[in-house]
Amino acid sequence: MDYHIETAEVLDAFKEESECPFCLIREKLDASFTDTYLGGAAMSPDYRVEVNKKGFCARHFKQLYDGGKRLPLALQLHTFLLEHNKKTLKQLEALSKSAQKDKKLSAQIDEFIKFQAAGECSCVICEKQAELMQRYMDTALLLRTKSLEFKELFRNGKGFCEPHFSQLLARAQVCLSAKEKSAFIYEVVQIQARSLERLAGEVEWFTKKFDYQNKDKPWGGAQDSIPRSINKLKGKII
């Protein structure tokens, strides 16, 4: 099969020891987007229009802040706040009027909560990242049918974090034929089940290592089972 950059990145991620290769890919995308939005994008009209409209989620705001470049972040934050405040103040005014008249107040409160929740989920980086992650997953599904090397990597891997596992199932629905889908689902479910059972055993052994009778026994890889388990359940956050 033809190899291109997405193929190489997927292969590299699956070759690493990880609870989820897609989390490794997402981390690299995060780093790339952080560089972009703390670099030239801060002064690009096209990028700024998108940022003003959608902003960043909490996770990506934190990554941008941790990037250490305060001026480009402040420039984007300022113009985003101007747009954000226009919409928010309008909602607050409607809420205030309803409170004064006690007219449809409950409905107005519900509307404001929905408005704010939508804003919390809105993120220009998340949108771009989701498109790319979809392509990486599609590439992985294609590789599994075309590459014996990748099929072995896939079969012998540690499965996926639960968010990416669900996304992979969704992409299988779209990308695979009925026959391919059945074989894939059967295999990936076995892989995921083994992975979850292994982690439960490792965490159990972690707790038992605190018993003085086990203090000199080998850890068996359980030392970091807590962060790996959290990352498996929620996607890589530690």
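You'll find the structure just up there.
A. Broad picture of the overall build of the protein chain. Across its full length, the protein chain carries eleven helices and zero strands. Each helix and strand of the protein chain, placed in order from N terminus to C terminus, yields the pattern α-α-α-α-α-α-α-α-α-α-α. Taken against the 2.2 N^0.38 rule, which gives 18 Å for 238 residues, the C-alpha radius of gyration of the protein chain at 23 Å runs more than 25% over that of a compact globule. A principal-axis box enclosing the C-alpha atoms of the protein chain has dimensions of 65 × 55 × 40 Å. Partitioning the contacts of the protein chain with sequence separation of at least 6, the portion at a separation of at least 24 is 70%. Surface summary for the protein chain: the accessible area is close to 14,500 Å², and the carbon and sulfur share equals 58%. Each charge class in the protein chain can be summarised by its mean position, and for the 38 positive and 33 negative side chains these summaries are 4 Å apart.

B. Structural context of helix 3 (residues 45-54). Of all the residues in helix 3, the buried ones are Arg48, Val51, Asn52 and Lys54. Next to the buried residues of helix 3 lie helix 2 (21-37), helix 5 (70-101) and helix 7 (124-146). A positive backbone phi angle near 65° is found at Gly55, which sits one or two residues after helix 3.

C. Seen up close, the packing of aromatic side chains. In the structure shown here, the tally under the stated rule is 14 aromatic pairs. An angle of 80° between the planes, with centres 5.5 Å apart, marks the rings of Tyr37 and Tyr47 as edge-to-face. Here Tyr37 is found in helix 2, whereas its partner Tyr47 is found in helix 3, with ten residues between them in sequence. Owing to a relative accessible area of 32%, Tyr47 belongs among the partly exposed residues under this scheme. Ring centres of Phe154 and Phe184 lie 5.8 Å apart, and the angle between their planes is 50°; on these two criteria the pair is classed as tilted. Placement of the pair is Phe154 in helix 8 (residues 148-155) and Phe184 in helix 10 (residues 178-208), with a sequence separation of 30 residues. Take Phe154 and Phe184: they sit in the same class, and that class is buried. A network of ring pairs unites the aromatic residues Phe14, Phe22, Phe150, Phe154, Phe160 and Phe184 as a single cluster. The positively charged end of Arg70 is found above the aromatic ring belonging to Tyr65, 3.8 Å away from the centroid. Lying over the aromatic face of Phe154, Arg144 brings its terminal NZ or CZ to 6.0 Å of the ring centre.

D. Representation of helix 5. Here helix 5 contains 32 residues, and its C-alpha end-to-end distance of 44 Å stays within 8% of the 46 Å for a straight helix at 1.5 Å per residue. Among the residues making up helix 5, those that are buried are Pro72, Leu73, Gln76, Thr79, Phe80, Thr88, Gln91, Leu95 and Ser98. Tucked into the core, helix 5 has its buried residues touching helix 2, helix 3, helix 4 (58-66) and helix 6 (105-121).

E. The arrangement of the layout of surface pockets in detail. Looking at the largest pocket, its volume works out to about 340 Å³. What lines the largest pocket is a set of 18 residues, and nearest its centre among them are Phe80, His84, Gln116, Gly119 and Glu120. Elements with a contribution of two residues or more to the lining of the largest pocket: helix 3, helix 4, helix 5 and helix 6. The leading source of residues in the lining of the largest pocket is helix 6, at five residues.

Cut-offs used in this document
- Residues numbered from 1 in each chain as written.
- Predicted model: local features only at pLDDT ≥ 70, side-chain atom pairs only at ≥ 80, totals over all residues.
- Heavy atoms only, no water.
- Helix = DSSP H or I, 4+ residues; strand = E, 2+ residues; numbered from the N terminus.
- Rg over C-alpha atoms; globule rule 2.2 N^0.38 Å.
- Contact = heavy atoms within 4.5 Å.
- Areas by Shrake-Rupley, 256 points an atom, 1.4 Å probe, with all protein chains shown as cover.
- Lys, Arg positive; Asp, Glu negative; His and termini not counted.
- Charge placed at Lys NZ, Arg CZ, Asp CG, Glu CD.
- Buried < 20%, exposed > 50% of the residue type's maximum accessible area, 1.4 Å probe, protein only.
- Phe/Tyr/Trp six-rings, centres within 6.5 Å; stacked < 30°, edge-to-face > 60°.
- Lys NZ or Arg CZ within 6 Å of the ring centre and 35° of its normal.
- Expected span 1.5 Å × (residues − 1).
- 1 Å grid on protein atoms, 1.4 Å probe; cavity = no way out; pocket = protein on both sides within 12 Å on 5 of 7 lines; lining within 4 Å.
- Points joined across faces, edges and corners; volume = space filled by probe spheres on them.

Note that all results are geometric; they support no functional claim without further evidence.
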